[in-house]
Amino acid sequence: MDYQHVLVYFMWTFTAVSAQDVKYFLKGQDIHFMPSISEQPIVILWQHNEKDVVFSVGTEKYVASSHKNRITLDRVSAELTIKNATYEDSGKYFLEMNINSEQDTFLYRIEVIDKVSKPNISCEMSDTKQPTLVCSTESKHPHLLKLKWSSPGKEQTGPNLTITVRNEDDDQVYRCDVSNPLTNETASFTAKDCFPGKRSDVHLIIILVCIFILVILCCVLYITRHYLKVSKEPDEKTSFLDQVLTLPSNSGLNVLTEDEKMDSEGAMRLTASVHALHSSSTHLNTITELSDTSNDQQDHLKNSEKM
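Residues numbered from 1 in each chain as written. Predicted model: local features only at pLDDT ≥ 70, side-chain atom pairs only at ≥ 80, totals over all residues. Heavy atoms only, no water.

A.B. asks: Explain the sheet that holds strand β6 (residues 71–73) here, please?
C.D. replies: For sheets, the rule is that strands pair by backbone hydrogen bonds, running either parallel or antiparallel. Spatially, 3 strands are ordered β2-β7-β6 in an open sheet, and the strand pairing comes out antiparallel. Of all strands in the sheet, those with a lone pairing partner are β2 (31–33) and β6, marking the two edges. With strand direction ignored, the average angle separating the axes of adjacent strands in the sheet is 10 degrees. (Pairing = 2+ DSSP bridges. Helix = DSSP H or I, 4+ residues; strand = E, 2+ residues; numbered from the N terminus. Axes fitted to C-alpha atoms, helices over the stretch in contact; angles between N-to-C directions.)

In structure tokens, the structure reads:
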């Protein structure tokens, strides 16, 4: 059957309109419409903001191009499901049906909204040095947001809250609750955070002092280790033997056995004997030379006398 012909045939005489309050759905969720009917309708027509979404009569069904592959229609109950809701799906939905030659109409109003994001709290100082806390959050539907401040024994609605800070170490906590019809988020703020600059200066000083102490300790440790290393290091660079400068030996020291010790001692005694003989020979030569000199002198005197 031709869709336009069916629409001409399906001329409505509205006998009842069921209107409902606004219903909210989160972006990305499915939208499900469930009309309350007693019997299976012959003709079903769903519209969104006065534009056809789906039309069903008998076994034929027409789906608008804007909603293809996104909707599911139950021809028995006339229930409609829209998948993966977008902000553009917000608005009015009309359901028109023909049941036993009687017409019936339902009206739905929906709004697709986003989740509430975590609020941000800032502290603003006035000329009178009176701190004011400001709670804010991002949303595509700010008109649906509700903000509420709470602290021990006190609650206040609205984004701004004027507080009294006793001192720069005041640890009083204030909480901001943000909600929309479907979700809510909370953030907290401590009164002393209204003075972040001074607290940062203190932290900076502490960090610098710690760095200075660490540098001093490193210097002391380095000097101590270097001194101990020098004091324990043997004097291997130079040694003096009979006032003669010698270089350090690279050969290792060998441990002598008993036999080697005896041979070494014998060699030392032999060397001493050789030195003694050499000294004696030297003395003997000296005496001989003196004796020859004396004889020459006597011969010279005798020749002088003869003459």
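A.B. asks: Where do I start with a nonpolar patch on the surface in this structure?
C.D. replies: A cluster of nonpolar residues, V209, F212, I213, I216, L217 and V220, forms a patch on the protein surface that exposes about 560 Å² of accessible area. We classify V220 as partly exposed; its relative accessible area is 47%. (Patch = residues over 30% accessible without salt bridge, like charges linked within 9 Å, V, L, I, M, F, W, Y side chains within 5 Å. Areas by Shrake-Rupley, 256 points an atom, 1.4 Å probe, with all protein chains shown as cover. Salt bridge = Lys/Arg side-chain N within 4 Å of Asp/Glu carboxyl O. Buried < 20%, exposed > 50% of the residue type's maximum accessible area, 1.4 Å probe, protein only.)

A.B. asks: What should I look at first to understand the side chain of H67 in this one?
C.D. replies: Residue position: H67 is located in the loop between β5 (60–63) and β6. Those residues within four positions of H67 in sequence are excluded, and the remaining contacts are V53 and D89. (Contact = heavy atoms within 4.5 Å.)

A.B. asks: What is the right way to look at the state of the cysteines in this model?
C.D. replies: Every disulfide links exactly two cysteines, by a covalent bond between their sulfur atoms. According to the stated counting rule, one finds 2 disulfides in the structure shown. Each sulfur of the disulfide joining C123 and C194 lies 2.1 Å from the other. Here C123 and C194 share a disulfide; its torsion about the S-S bond, 100 degrees, makes the bridge right-handed. Taken together, the positions of C123 in strand β10 (residues 120–125) and C194 in the loop between β16 (184–190) and α2 (196–232) put the pair 71 residues apart, joining distant regions of the chain. Take C123: its relative accessible area is 23%, and that puts it in the partly exposed class. Judged by relative accessible area, which is 9%, C194 ranks as buried. (Disulfide = S-S within 2.5 Å.)

A.B. asks: It is not clear to me how the pairing of strand β12 (residues 146–151) should be interpreted in this structure. Could you clarify?
C.D. replies: Both β12 and strand β15 (residues 173–179) contribute to a ladder of 5 bridges, which runs antiparallel. For W149, the partnering residue across the bridge sits in β15 and is C176. Hairpin connection of β12 to strand β13 (residues 154–157): 2 residues between the antiparallel strands, including G153 at a positive phi of 80 degrees.

A.B. asks: Help me understand the nonpolar core, please; the structure alone is not making it clear to me.
C.D. replies: Looking at soluble globular proteins, one finds that nonpolar side chains tend to be buried together. Counting residues in hydrophobic clusters, the biggest one holds 22 residues, and the most contacted among them are I31, F33, W46 and V54. The set of elements that each furnish at least two residues to this core consists of β2, β3 (43–48), β4 (51–57), β6, β7 (80–82), β8 (91–99) and β9 (102–113). With 17 residues, the next largest nonpolar core counts V116, L133, L145 and C176 among its residues. (Core = buried A, V, L, I, M, F, W, Y, C linked by side-chain atoms within 4.5 Å.)

A.B. asks: What is the right way to look at the sheet that holds strand β11 (residues 131–136) in this model?
C.D. replies: Taken in spatial order, the 3 strands of this open sheet run β10-β11-β14, and their pairing is antiparallel. With partners counted over all chains shown, the strands left at the sheet margins are β10 and β14 (160–162), one partner each. The sheet shows a mean angle of 25 degrees between the axes of neighbouring strands, taken without regard to direction. In terms of strand pairing, β11 meets β14 through 3 bridges, oriented antiparallel. Each residue of the ladder has a partner; that of V134, found in β14, is N160.

A.B. asks: For this particular structure, what's the right way to read the pattern of salt bridges?
C.D. replies: Tallied over the full model, the rule gives 3 salt bridges. Note that R166 and D170 form a salt bridge whose closest N and O atoms lie 2.9 Å from each other. For R166, a relative accessible area of 59% gives the class exposed. Under the relative-accessibility criterion, D170 is labelled buried at 1%.

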